[in-house]
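# Observations on chain architecture
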2 protein chains.
Amino acid sequence: MKPEELIKLTVCEAAAKIREGAVTSEQLVSAFLARIDDRESQVGAWAHLEREYALEQARRADQVRGFGNGTGPLHGVPLGIKDIIDTRDYPTENGCPLYQGNKSRRDAACVAALKSAGAIVLGKTVTTELALMTPSATRNPIDLERSPGGSSAGSAAAVADLMVPAALGSQTAGSVLRPASYCGVYGFKPTFGLISRNGVLMQSHTLDTLGLLARSIDDLALLTDCLSAQDPNDPVSYERSQPHVARTALSAAPMAPSFAFVKTPAWQEYADPAMQEAFAELKDFLGPACDEIEISGLDNVIEWQRIIQLAENAAYYGPLQDKGRDQLSEGLNARLEEGAALPIRDYISAVASREKAYEALFEIFDSYSAILTPASPGPAPLLSEGITGSPIFDGLWTYLGMPAVSIPLLEINGLPVGVQLVGLRQDDGRLLRTARWLATRLEAEQTESD
Amino acid sequence: MKPEELIKLTVCEAAAKIREGAVTSEQLVSAFLARIDDRESQVGAWAHLEREYALEQARRADQVRGFGNGTGPLHGVPLGIKDIIDTRDYPTENGCPLYQGNKSRRDAACVAALKSAGAIVLGKTVTTELALMTPSATRNPIDLERSPGGSSAGSAAAVADLMVPAALGSQTAGSVLRPASYCGVYGFKPTFGLISRNGVLMQSHTLDTLGLLARSIDDLALLTDCLSAQDPNDPVSYERSQPHVARTALSAAPMAPSFAFVKTPAWQEYADPAMQEAFAELKDFLGPACDEIEISGLDNVIEWQRIIQLAENAAYYGPLQDKGRDQLSEGLNARLEEGAALPIRDYISAVASREKAYEALFEIFDSYSAILTPASPGPAPLLSEGITGSPIFDGLWTYLGMPAVSIPLLEINGLPVGVQLVGLRQDDGRLLRTARWLATRLEAEQTESD
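This next bit is on the overall build of chain A. Along the backbone of chain A there are 18 helices and 11 strands. What you see for chain A is a C-alpha radius of gyration of 21 Å, in line with the 22 Å of a compact globule of 450 residues. With respect to the principal axes defined by its C-alpha atoms, chain A has extents near 60 × 60 × 45 Å. Here chain A, with 450 residues, has 57% of them falling under the buried criterion. For chain A, contacts bridging at least 24 residues in sequence account for 77% of all contacts bridging at least 6.

Another aspect to go through is the relation of the copies chain B and chain A. In the superposition of chain B on chain A (RMSD 0.0 Å, axial shift 0.1 Å), the rotation amounts to 180 degrees. Those values place the two copies in the arrangement expected of a two-fold rotation axis. No C-alpha of chain B lies nearer the rotation axis than that of Ile-344 of chain B, which sits 2.7 Å from it. Residue by residue, 100% of the interface of chain B is reproduced at the interface of chain A, so both copies engage with the same surface.

So, on to the interface of chain B and chain A. Between chain B and chain A, the residue contacts involve 18 residues of the former and 18 residues of the latter. Partitioned by chemical class, the residues of the side of chain B that touches chain A number 11 nonpolar, 3 polar and 4 charged.

Next up on the list: the sheet that holds strand β4 (residues 166–171) of chain B. All names here are of chain B. Across the sheet, 11 strands lie side by side as β1-β3-β2-β4-β6-β5-β10-β11-β9-β7-β8; this open sheet has mixed pairing. Both outer strands of the open sheet, β1 (46–48) and β8 (290–292), are each paired with one neighbouring strand and no more. Put simply, the sheet's adjacent strands are angled 35 degrees from each other on average, direction ignored. For β1 and strand β3 (residues 120–125), the ladder comprises 2 bridges, and the chain directions are antiparallel. Bridge assignment links Trp-46 to a residue of β3, and that residue is Thr-125. Packing against the sheet, helix α8 (residues 217–226) makes contact with β4, β5 (186–189), β6 (209–214) and β10 (404–412), and its axis sits at approximately 140 degrees to β6. Helix α18 (residues 428–449) rests against β9 (370–374), β10 and β11 (415–422) of the sheet, and its axis sits at about 15 degrees to β10.

Let's shift gears to helix α8 (residues 217–226) of chain A. With 9 of 10 residues buried, α8 of chain A is to be regarded as a mostly interior element. Within the span of α8 of chain A, buried status applies to Ile-217, Asp-219, Leu-220, Ala-221, Leu-222, Leu-223, Thr-224, Asp-225 and Cys-226 of chain A.

All names here are of chain B. Examined against the element boundaries, Leu-210 turns out to sit in strand β6. We classify Leu-210 as buried; it has 27 C-beta atoms within 10 Å. Considered as a pair, Leu-210 and Leu-227 are 17 residues apart in the sequence and their alpha carbons are 9.9 Å apart. Among residues more than four places away in sequence, those in contact with Leu-210 are Cys-110, Leu-168, Ser-170, Ile-195, Arg-197 and Val-200.

So, about unusual backbone geometry. Residues and elements named next belong to chain A. Here Gly-150 and Ser-151 are connected by a cis peptide whose omega angle stands at 0 degrees. Along the polypeptide, Ser-151 turns up in the loop between β3 (120–125) and α6 (153–160). Not every positive phi belongs to a glycine, and Asn-94 is a case in point at roughly 55 degrees. Here Asn-94 is to be found in the loop between β2 (78–82) and α5 (109–116).

Now for the nonpolar core. Counting 274 residues, the largest nonpolar core has Leu-79, Cys-110 and Leu-421 of chain A together with Leu-79, Cys-110 and Leu-421 of chain B as the members making the most contacts within it. Ignoring any residue separated from it by four or fewer positions in sequence, one finds Leu-421 of chain A in contact with Ala-370, Ile-371, Leu-372, Ala-404, Val-405, Ile-407, Leu-431, Thr-434 and Ala-435 of chain A.

The subject of this paragraph is the domain arrangement of chain A. One frequently used descriptor of interface size is the decrease in accessible area upon assembly of the parts. Residue and element names in this part refer to chain A. We note that the domain assignment places domain 1 (1–295 + 362–450) and domain 2 (299–354) within chain A. Between domain 1 and domain 2, the C-alpha centre-to-centre distance is 26 Å. On the domain 2 side, the residues contacting the 23 residues of domain 1 number 21 residues.

This prediction gives chain A a mean pLDDT of 96; 100% of its residues lie at or above 70. Complex prediction metrics read pTM 0.90 and ipTM 0.82.

What follows concerns the packing of helix α3 (residues 25–43) of chain A against helix α4 (residues 51–66) of chain A. Residues and elements named next belong to chain A. For the pair α3 and α4, the least separation of the axes is 8 Å and the interaxial angle reads 160 degrees. Relative to α4, the element α3 is oriented roughly antiparallel. The way α3 lies across α4 gives a crossing that is right-handed. Every residue of α4 that contacts α3 at Ser-25, Glu-26, Val-29, Ser-30 and Leu-33 is listed here: Arg-51, Ala-54, Leu-55, Ala-58, Arg-59, Ala-61 and Asp-62.

Secondary-structure assignment places Pro-265 of chain A in the loop between β7 (259–261) and α10 (267–270). The residues touching Pro-265 of chain A, leaving out its near neighbours within four places in the chain, are Leu-298, Asp-299 and Ile-302 of chain A.

All names here are of chain B. Of all 5 residues in β9, 5 are buried; the element is thus mostly enclosed. Relative to β9, strand β7 (residues 259–261) runs parallel, the two being bridged by 3 bridges. Bridging from a neighbouring strand, Ala-260 pairs with Ile-371 of β9. Sheet topology note: the β9/β11 ladder contains 4 bridges and is antiparallel. Residue Thr-373 lies in a different strand from β11, and its bridge partner there is Gln-420.

All names here are of chain A. Along strand β11 (residues 415–422), 7 of the 8 residues are buried, which leaves the element largely enclosed by surrounding structure. In this structure, strand β10 (residues 404–412) lies alongside β11, joined through 7 bridges in antiparallel fashion. The partner of Leu-410 across the bridge, within β11, is Val-417. Remark: 2 residues form the turn of the hairpin made by β10 and β11, two consecutive strands paired antiparallel; Asn-413 in that turn has positive phi of roughly 50 degrees.

Another aspect to go through is the sheet that holds β10 of chain A. All names here are of chain A. With mixed pairing, 11 strands are arranged side by side in an open sheet as β1-β3-β2-β4-β6-β5-β10-β11-β9-β7-β8. In the strand order of this sheet, the two ends are held by β1 (46–48) and β8 (290–292), each with one partner. Neighbour-to-neighbour, the strand axes of the sheet open up by a mean angle of 35 degrees, direction not taken into account. In this sheet, strand β4 (residues 166–171) lies alongside β2 in parallel orientation, the contact comprising 2 bridges. Along β4, the bridge assignment pairs Gly-80 with Ala-167. Its contacts with the sheet place α8 against β4, β5 (186–189), β6 (209–214) and β10, and it is angled at close to 140 degrees to β6.

Glancing now at the environment of Glu-292 of chain A. Residues and elements named next belong to chain A. Within the secondary structure, Glu-292 sits in strand β8. Overall, the presence of 13 C-beta atoms within 10 Å leaves Glu-292 in the partly exposed class. Separated by 194 residues in sequence, Glu-292 and Leu-98 place their C-alpha atoms 47 Å apart. Look past the residues within four positions of Glu-292 in its chain and what remains in contact with it is Phe-261 and Lys-283.

Cut-offs used in this document
- Residues numbered from 1 in each chain as written.
- Chains lettered and ligands numbered in written order.
- Predicted model: local features only at pLDDT ≥ 70, side-chain atom pairs only at ≥ 80, totals over all residues.
- Helix = DSSP H or I, 4+ residues; strand = E, 2+ residues; numbered from the N terminus.
- Rg over C-alpha atoms; globule rule 2.2 N^0.38 Å.
- Buried ≥ 20, exposed ≤ 12 C-beta atoms within 10 Å, placed from the backbone.
- Contact = placed C-beta atoms within 7 Å.
- Least-squares fit on C-alpha atoms with pLDDT ≥ 70 in both.
- Nonpolar A, V, L, I, M, F, W, Y, C, P; charged D, E, K, R; others polar.
- Pairing = 2+ DSSP bridges.
- Axes fitted to C-alpha atoms, helices over the stretch in contact; angles between N-to-C directions.
- Core = buried A, V, L, I, M, F, W, Y, C linked by C-beta atoms within 7 Å.
- Domains from an automatic or database assignment.
- pLDDT = per-residue confidence, 0-100.
- Parallel < 35°, antiparallel > 145°, perpendicular 65-115°, else oblique.
- Left-handed = near helix turned anticlockwise from the far one by under 90°.

Set out below in structure tokens:
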């Protein structure tokens, strides 16, 4: 296969080719490295990447396969790791000068799990400052004048730009789904607690959720299964038998799914008019399979997410101000002060309200397979605006701990915009199955009309 | 049996007598009511108690048994319920005028569970103001000039004074174990999350734990089993198969247990010198079965418990100040203001430190069956001091979510003092088995030396 074909392979495809012997890991990794050589100066997706180290891992993977050893489901496939996730071999600098040269002696649990499945750590992807709002230098590969979103900026940009087939990201408000939406890739934030956060920079123990950026739903499902072992080192990692997300996700839906279109209280003020129109068309297209549903109390949910993130940011990052206030951005310093000054009663009631707020959504799922809602207010903002876009359509589902996926289905002025589907906790497989149904249905429609 | 014998029966004994037909529930309840008639004006243990209603329940229980129906393990046995726990039939006034006449339409989950097991709700027992520090009017039946402790004041006093064989209490710092210690009864605070808190006044979702006051370990075990169903309505209720606490608690220990005597950082400043001496003697008596162990970091644990309780008190009770500040005690108003003004960062780090702090104790349990420590700083304080005593020896284990039992083993100047044993979470049965071993061993010794 030619390098320009190799870089288009999904994780599942690449792993299959390597397994069959049609491609070596070294060929695959070399193709991605060539793409990175070509594009990185413009995109800026990588925080740390050493070609020789990447190739050495690839050659070792080929050797292991050559010896006829059994291989894992990701054998020889390179992945990107957001630079807030510890790796033994690369530094973890958290997008913040205070962590310059910071190296961990251990891989994070999620990295160790991916390596156990045979994956190769290609490099660390750029994050915004401490995975918060201050933009990184990364550009959106779809339009280099635009932001890739944040905070998983490098992961989304690298996957969109064919520099790597998939990457790990993380979401506290909208840091996986928003960049996925802006860069035109799939983003998945599984159920809170599904993927261990052990070895990952903590900004909010109540909200932080690891997630994935990839170019197919099958990849999201496969990677999630590789990452889904319970980990007693993360207090929110819950008991489960193997969730077998892929088995459900890749099965045929027993009946056509139905969708609860939820505008959320952010719609009026935040949603781009073109996005509003695109969703109206999507709803029309789905016909009786989609109803617009009003959920009361979501304004509280948006506010509770905001309060918890602010307060826990202050708790976890506040000590950095003592170490070097001048090495944090002005915006971050202000944010940490805002969080530290929040009334403690508001924070506690925000934390204590979560389970009831989640339970209030149960009955929607008696009638609908998933909530359908935007993944971002519109297409990616211009870099000149100096922002990474608003997570207002994502944060509420993060607070509720529900799995959410962004599907690159819409286009506004030639720019991608994601459709977000949200499912019940611990029902990740069914959510991805529903996402797959929707993507297939829309692609069929687009092919017909072409 | 004579009334004066009936009131001395434990729950297990009374239930057995009723099951065998040796005693009716009506006879039993009548005996307790006579005792209450006799003593209540001095002790003041009951907030709500209607003799006719109690007798009616007893007669109904006797009828059910008379029809030859199957009966639960607590059939016909009266129990006391702390007046912060909702009951359908009695008001729940939380020791606070703002709740005067407050009636719930539903039983709390724990009350429903006890009723399902056949128990009779004799009445509601007095609590301190909102289960906090302001003393109630209850007196210690062992010495009427002394405090019964708090906040489960009425439950401990009623059980100690043979007004009821056992009662429900609750502990956020030391509100079960301290009154048990002062009143000379057994107190048990099971693992955090074992007993559902659904339908119970919330003062701190991170700490509130339901517990029991009784006159035997067998009773604690039986009652715990009756209360141990998982409850999805309490977010901290964890998955379990039937824990069968009694089966383990009543079995013979496969080997003699060993004890880690932990003085805690409170020892020097708080422990009564006579208590220090009594513990030295206890340690000598246990010989090689007991080592004094120093645990580092317990000063932090004490402080974290304090911060969380203060902050969450402010969150849950703060709104009461708007309803009627003047109907709360001065001390409580000050406490709520102190809590509301706490730095949010301190609170969050106190919450976030819990699991690590608990895990740091794991290795102690490789070598020892239980931690041995005081249940209170000494015997009950005089009423004239205007306090309910300090929970300083209890709060740290409440924070850590570990099961703890107070055993009435020591006496100082004729006043009872409890020995506290603390076990691993979800190991409640083994903790009670160890407690039983210790109590039996000491009683044998005392009989010999008599």
